[in-house]
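# Examining the three-dimensional arrangement
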Amino acid sequence: MLGSTHGTLTTHSRPARVVACGEHPPHTVHGISDPGTADGPRPAGDTGATTGPAAADQDVSGRPLYAPVPDLDRFFRPESVAVIGASDSEGRPNTGITRQLIAWAERVGARLHPVNPGREQVFGLPCYAGVADLPETVDLAVLLVGDPLPLIGQLAEAKVKFAVAFASGFAETGEDGAAAQARLAEAVARSGLRLLGPNTNLNAFEKFRHDLDGPAIALITQSGHQGRPVFTLQELGIRLSHWAPTGNEADLETADFLSYFASRPEVGAIAAYVEGLKDGRSFLLAADRAARNKVPVVVVKVGRTETGARTAASHTGKLTGADEVVDAALRQFGVIRVDGLDELQDTAALLARAKKPTAEGVAVYSISGGTGAHFADLATAAGLTLPTLTDAKQTELHQWIPDYLNVANPIDNGGHPVGDWRGRKIIDAILADPSVGVLICPITGPFPPMSDKLAQDLVDAAEQSDKLVCVVWGSPVGTEDAYRRTLLGSSRVATFRTFANCITAVRAYLDHHRFTAHYRSPFDNAPRVLSPSARKAQALLRPGGQLSEHAAKQLLRAYGIRVPREQLVTSAAAAVRAASLVGYPVVMKGSGPELAHKTELGLVKVGLTSASQVRDAYRELTDIARYEDLPLDGVLVCQMIERGVEMVVGVTPDPLFGPTVSVGLGGVLVEVLQDLAVGVPPFGEEHARTMLRGLRGHALLEGVRGMPPADTDALVETVLRVQRMALELDGELAELDINPLVVLPRGQGAVALDALAVCH
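Residues numbered from 1 in each chain as written. Predicted model: local features only at pLDDT ≥ 70, side-chain atom pairs only at ≥ 80, totals over all residues. Heavy atoms only, no water.

## A short note on the overall build of the protein
A tally of regular secondary structure across the protein gives 25 helices and 28 strands. For the protein, the spread of C-alpha atoms along the three principal axes comes to 95 × 80 × 45 Å. Scored against the burial criterion, the 760 residues of the protein give a buried share of 57%. Restricting the contact set of the protein to residue pairs at least 6 apart, pairs at least 24 apart contribute 71%. Only carbon and sulfur atoms are counted for the fraction: they give 52% of the accessible area of the protein, which is about 31,700 Å². Between the mean site of the 71 positive side-chain charges and the mean site of the 87 negative ones, the protein shows a separation of 4 Å. (Helix = DSSP H or I, 4+ residues; strand = E, 2+ residues; numbered from the N terminus. Buried < 20%, exposed > 50% of the residue type's maximum accessible area, 1.4 Å probe, protein only. Contact = heavy atoms within 4.5 Å. Areas by Shrake-Rupley, 256 points an atom, 1.4 Å probe, with all protein chains shown as cover. Lys, Arg positive; Asp, Glu negative; His and termini not counted. Charge placed at Lys NZ, Arg CZ, Asp CG, Glu CD.)

## Remarks on the packing of helix α19 (residues 572-582) against helix α21 (residues 611-627)
Two elements in contact, α19 and α21, have axes separated by 9 Å at closest approach and are oriented at 135°. With respect to their mutual orientation, α19 and α21 come out oblique. The two elements α19 and α21 cross, and the hand of that crossing is right-handed. Only Ala611, Val614, Arg615 and Tyr618 of α21 make contact with α19, whose side of the interface consists of Ala572, Ala575, Val576 and Ala579. (Axes fitted to C-alpha atoms, helices over the stretch in contact; angles between N-to-C directions. Parallel < 35°, antiparallel > 145°, perpendicular 65-115°, else oblique. Left-handed = near helix turned anticlockwise from the far one by under 90°.)

## Section: the pairing of strand β15 (residues 436-443)
Across the 8 residues of β15, 8 count as buried, placing the element largely inside the fold. Alignment of strand β13 (residues 361-366) against β15, held across 4 bridges, turns out to be parallel. The partner of Ala363 across the bridge, within β15, is Leu439. Handedness of the crossover joining β15 and strand β16 (residues 468-473) through helix α14 (residues 448-463): right-handed. (Pairing = 2+ DSSP bridges. Right-handed = clockwise from strand over helix to strand, strands pointing away.)

## Quick word on unusual backbone geometry
With an omega dihedral of -10°, the bond running from Tyr584 to Pro585 counts as a cis peptide bond. Inspection of the secondary structure puts Pro585 in the loop between α19 and β20 (586-591). The phi angle at Phe123 is positive, at roughly 50°, despite the residue not being glycine. According to the relative accessible area criterion, Phe123 is partly exposed, its value standing at 32%. Of note in the backbone geometry, Lys294 takes a positive phi value of approximately 60° without being a glycine. Inspection of the secondary structure assignment puts Lys294 in the loop between α7 (280-292) and β11 (297-301). Owing to a relative accessible area of 28%, Lys294 belongs among the partly exposed residues under this scheme.

## Here we look at the confidence of the model for the protein
Residues at a pLDDT of 70 or more form 90% of the protein, whose mean pLDDT is 90. In this model residues 1-55 is a low-confidence stretch, pLDDT under 50, and it forms 119 contacts with partners more than four residues away in sequence or in other chains. Below a pLDDT of 50 lies the segment residues 312-320, which in the model reaches 38 contacts outside its immediate sequence neighbourhood of four places, other chains included. (pLDDT = per-residue confidence, 0-100.)

## Describing the pairing of β20
Summarising burial for β20: 6 of the 6 residues are buried, a large majority. The side-chain alternation of β20 yields two buried faces, one formed by Val586, Met588 and Gly590 and the other by Val587, Lys589 and Ser591. Note that β20 and strand β21 (residues 604-608) share 3 bridges and pair antiparallel. Bridge pairing in β21 links Val586 to Leu608. Sheet analysis places β20 next to strand β22 (residues 634-639), joined by 6 bridges and oriented antiparallel.

## So, the sheet that holds β22
In any sheet, the strands associate via hydrogen bonds between backbone groups, in a parallel or an antiparallel arrangement. With respect to topology, 4 strands assemble into an open sheet ordered β19-β22-β20-β21, the strand pairing being antiparallel. The strands lining the two open edges of the sheet, one partner per strand, are β19 (566-569) and β21. The sheet shows a mean angle of 20° between the axes of neighbouring strands, taken without regard to direction. Judged from the 4 bridges that link them, β19 and β22 form a sheet pairing that is antiparallel. Paired with Glu566 across the two strands is Cys638, which belongs to β22. Its contacts with the sheet place α21 against β19, β20, β21 and β22, and it is angled at close to 175° to β21.

The structure is reproduced here in structure tokens:
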């Protein structure tokens, strides 16, 4: 049993419940009663905004644990709008923008007031000389000027709630532009108004269709053109409710809109194109709100390659972040990441409209055995489950399908049954199977005698079922009635054009509902008070330097992380005495702050079993150090640990998210294997276990080739203790590497054999 300051690890035979440092029992969200939790979505109209102590809630690293939902109602649906720099002179860019804004204001029922000191009227509307001359307090000011900074103070005096700045030439252009944007952001922060932009566009003021019903997609983009494919989904009958083009995010950012949309009752899914994030924690808090409210979030996040990251950074002037960390953070909070805009639109459309699955099994049904086999192969490779139908179900299907055809799943009907009354019977029978939650029917090309009736039967069956029905219409033409009218005319059938997009969307659909069904916010139990361990650890740190292995292990010991019995000695005689106290066999290692890779330097001796071997090893280690001109603070005489699974656990800073914790296969081949999982604090025990399950070498922990299962409970607790250290020493501890952490057989713990720590 480890010290209660650091957590406890139970010893029951069932999986242990690891209690991380600072963890509290479940309570209301951030000190307030929040209906938008894992128990269900937030009631309509409840934005979750709050004031008081919860708003100042911080973890031990000083990062917020709560972010109120911004009230953006008057941004998207203002009662009054001012257009500063309005024009009706033909040929001027501001004229087209003014015309579009007037039309938009009419659609949303807002009063629009042009502002331009050189005009009395603009498009027949009274024009005002300046902000101070406006006839009323406006909700939104659209700034059609090259430099919005001088206007911020005027808008604040006029008590304007929101402003939009289209001007470019800010952080996206380099250091001078970034400095100008910083001045703009500071002015906005003092003013009390909220600003969209700069370097944004008119997407928020597009013409949305209001004749569509059902849950809607809300769209966030940092590049307006990249949102066009999702916006045009309206032409296929899929409703869009909002579009937020965030631009450079001097004030309002992606996280603000994500949090707001996740609290809107009409939003069924959020689609986002993201180039960089303004603040990692803000984004995670918004993603957390979406997960609590069970609102799916689908994101294209560019920056997987160095070229993409560099180009994205130059476009909006924001940090793209290390891609493996961004990817891990998105998965950790249930955000679905896709690569293409076509995947973004298809996945978001499915998630917005599909009901909760009744089962995770997927049935593949086609008129061709080859088509079914091809699709089933791709679906299985992507991780979808295709359950084998029971003998009874197969017998039922063979009433209408010839006996020589395979109906175990995938289901091949041979073609002819779809042309008559049997077609609907087959579909209904498949949907009635309790192991099937999704029915997918790939139709590779139109063949009207069969495909038209098949499409209609699928639509009719979907209308009578609570299960998801998907169709892949493979024809490149896309003008066929079966596609345009029958399939796209149904709000219950999800229609795709490619196998890949269908599989991506269905996998995301099942993953989302599985994730949100068990989601518990990690922010609820994040540590808020420094532990006694932090004070012990801070006394060991050396600002700007690297700790010796001995000092780094003392750091681990301060957090209750087990290290071998060892002594630091400075003479051969002391080494012999230490070996007798530690117990043979022993390991001897040179210890000094400049030593990062001792094995390569010959500064590690293992399996020493006698005093003479210890004396010889001491002389050899010190001779190597003198020859290599490496300063030593002594030689470590260490307990030799029996073989176990060698892992690595570490801490690395990320410019967006702060300290990150990684765990993976360790030892001397760690750089070669590159089998690491990354976690972004705060996270709990279950996510630590998820990180381990995601490793390619996870089977080693379960026991292979006669090896016993490893003590994964001890490994999980070590990961959680390292996370606590990372949070408490953020800003002081720059990097930590425990390699190897030997995980012993189940019930025997885990031991850190070596450690490297670098201080800020």
